[in-house]
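Chain by chain, the residues:
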Amino acid sequence: MCGRYSISKNIEEIVENFKIEVLKDFSAQLFNAAPMMKLPVITNTDPKKLQLFSWGLIPSWSKDPTIGNKMINARGETIFEKPSFRSCIRNKRCLVPADSFYEWKKTEEKKQPFRIKLKKRGLFSLAGIWDEWKDVDGKIKSTFSIITTSPNNLMSEIHDRMPVILQKDDEEKWLLANDVNEISSLITSYPAIEMEACPISLMVNSPRNNSAEIHTPLN
DNA sequence: CCAGACGTTGTT
DNA sequence: GTCTGG
DNA sequence: CCAGACGTTGTT
DNA sequence: GTCTGG
């Protein structure tokens, strides 16, 4: 599962990497991006802009917006079948910029958080879907969810799920694809050989902690 | 036909 | 909105 | 994901 | 235990 990640590069790096417009109201470094927070995404409908959407997908038809608390991930294996996701996966996909994500290895004795990043890419995209929900006053709430899949050899040591990470060349395809087979082919486990995992302190546990110190390797 | 659900992960 | 279950 | 709350009435 | 909030 992916329930926490970081997007801590400065805005100039993000703009350069994704070839997008500067978004003036986003400059924060997020070492501890958590569900319900407004986080930067790049949508298929507006691929030249960085927008801030809330993490936790609320389907457009939903009467109870708290459903978003549970929709932080979407299983890649069944995403075309689920009522909450099927329209999104066809028409509303997004890139979720990140520079690492966190998973907790749980044993009987303890929960050990790990930070996972890519060896050669500072910034990468998690595959996402998004939707827009209108409240009773007609106010639009834009939300997103991160797609998960089975773990690769590195991740299976820590956890039984991992987020879908897109190859650089696949980012544009993820936004533009309109063929189900093409979309499906992008929902894969990123190669373990290109990733590294490192234990970090329990500081990451509290979403209130948001400092560079979170990335410090243990020991 | 209408009513009701619509999700994931982890833990038991 | 759309699908499943009754 | 983890942390933290989890309740009402009446009074200021 | 379970839900909400970050």
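All of these numbers come straight from a predicted model, not from anything done at the bench.

(A) Main features of the overall build of chain A. Secondary structure summary: chain A contains four helices and 13 strands in total. A total of 219 residues make up chain A; the buried ones form 48% of that total. Within chain A, residue pairs in contact and separated by at least 24 positions form 69% of the contacts whose partners lie at least 6 positions apart. Carbon together with sulfur atoms contributes 51% to the accessible area of chain A, which is approximately 11100 Å² in total. With 31 positive and 28 negative side-chain charges, chain A shows a spacing of 3 Å between the two charge centroids.

(B) Structural view of the nonpolar core. Counting residues in each nonpolar core, the largest one holds 57 residues, and the members touching the most others are Y5, F144 and W174. Per-element tally for this core: the top contributor is strand β9 (residues 124-134), with five residues.

(C) The arrangement of the packing of aromatic side chains in detail. As enumerated under the stated definition, the model contains three aromatic pairs in all. Taken together, Y5, W55 and F144 form an aromatic cluster joined through their ring pairs. Between K92 and the ring centre of W130, over which it is positioned, the NZ or CZ distance is 5.8 Å.

(D) Molecular detail of the sheet that holds strand β2 (residues 30-33). What the five strands build is an open sheet, ordered β2-β1-β7-β8-β13; its pairing is antiparallel. Because the sheet does not close on itself, it has two edges, and the strands there are β2 and β13 (195-199). Going across the sheet, the axis of each strand differs from the next one's by a mean of 30°, ignoring polarity. Here strand β1 (residues 5-7) runs beside strand β7 (residues 100-106); their pairing, made up of two bridges, is antiparallel. Of the residues in β7, the one forming a bridge with S6 is S100.

(E) Spotlight on the protein's contact with DNA strand B. The environment of DNA strand B is formed by 17 residues, the closest being K70, R75, K82, H159 and D160. At 3.3 Å, a backbone N or O of P83 approaches a phosphate oxygen of DNA strand B. The separation between a phosphate oxygen of DNA strand B and a polar side-chain atom of D160 is 2.8 Å. For the surface near DNA strand B, the leading source of residues is strand β5 (residues 73-75), giving three residues. A class-by-class count of the residues in the surface near DNA strand B yields six nonpolar, five polar and six charged.

(F) Looking closely at the protein's contact with DNA strand E. Around DNA strand E lies a shell formed by R4, A34, P35, M36, N69 and P207. Sugar and phosphate atoms represent 8% of those atoms of DNA strand E found within 4 Å of the protein. One of the backbone N or O atoms of P35 is found 2.9 Å from a base nitrogen in DNA strand E. The class makeup of the residues in the surface near DNA strand E is four nonpolar, one polar and one charged.

Analysis parameters
Residues numbered from 1 in each chain as written. Chains lettered and ligands numbered in written order. Predicted model: local features only at pLDDT ≥ 70, side-chain atom pairs only at ≥ 80, totals over all residues. Heavy atoms only, no water. Helix = DSSP H or I, 4+ residues; strand = E, 2+ residues; numbered from the N terminus. Buried < 20%, exposed > 50% of the residue type's maximum accessible area, 1.4 Å probe, protein only. Contact = heavy atoms within 4.5 Å. Areas by Shrake-Rupley, 256 points an atom, 1.4 Å probe, with all protein chains shown as cover. Lys, Arg positive; Asp, Glu negative; His and termini not counted. Charge placed at Lys NZ, Arg CZ, Asp CG, Glu CD. Core = buried A, V, L, I, M, F, W, Y, C linked by side-chain atoms within 4.5 Å. Phe/Tyr/Trp six-rings, centres within 6.5 Å; stacked < 30°, edge-to-face > 60°. Lys NZ or Arg CZ within 6 Å of the ring centre and 35° of its normal. Pairing = 2+ DSSP bridges. Axes fitted to C-alpha atoms, helices over the stretch in contact; angles between N-to-C directions. Near = heavy atom within 4 Å. Polar contact = N/O pair within 3.5 Å; in protein donor to acceptor, adjacent residues only side chain to side chain. Nonpolar A, V, L, I, M, F, W, Y, C, P; charged D, E, K, R; others polar.

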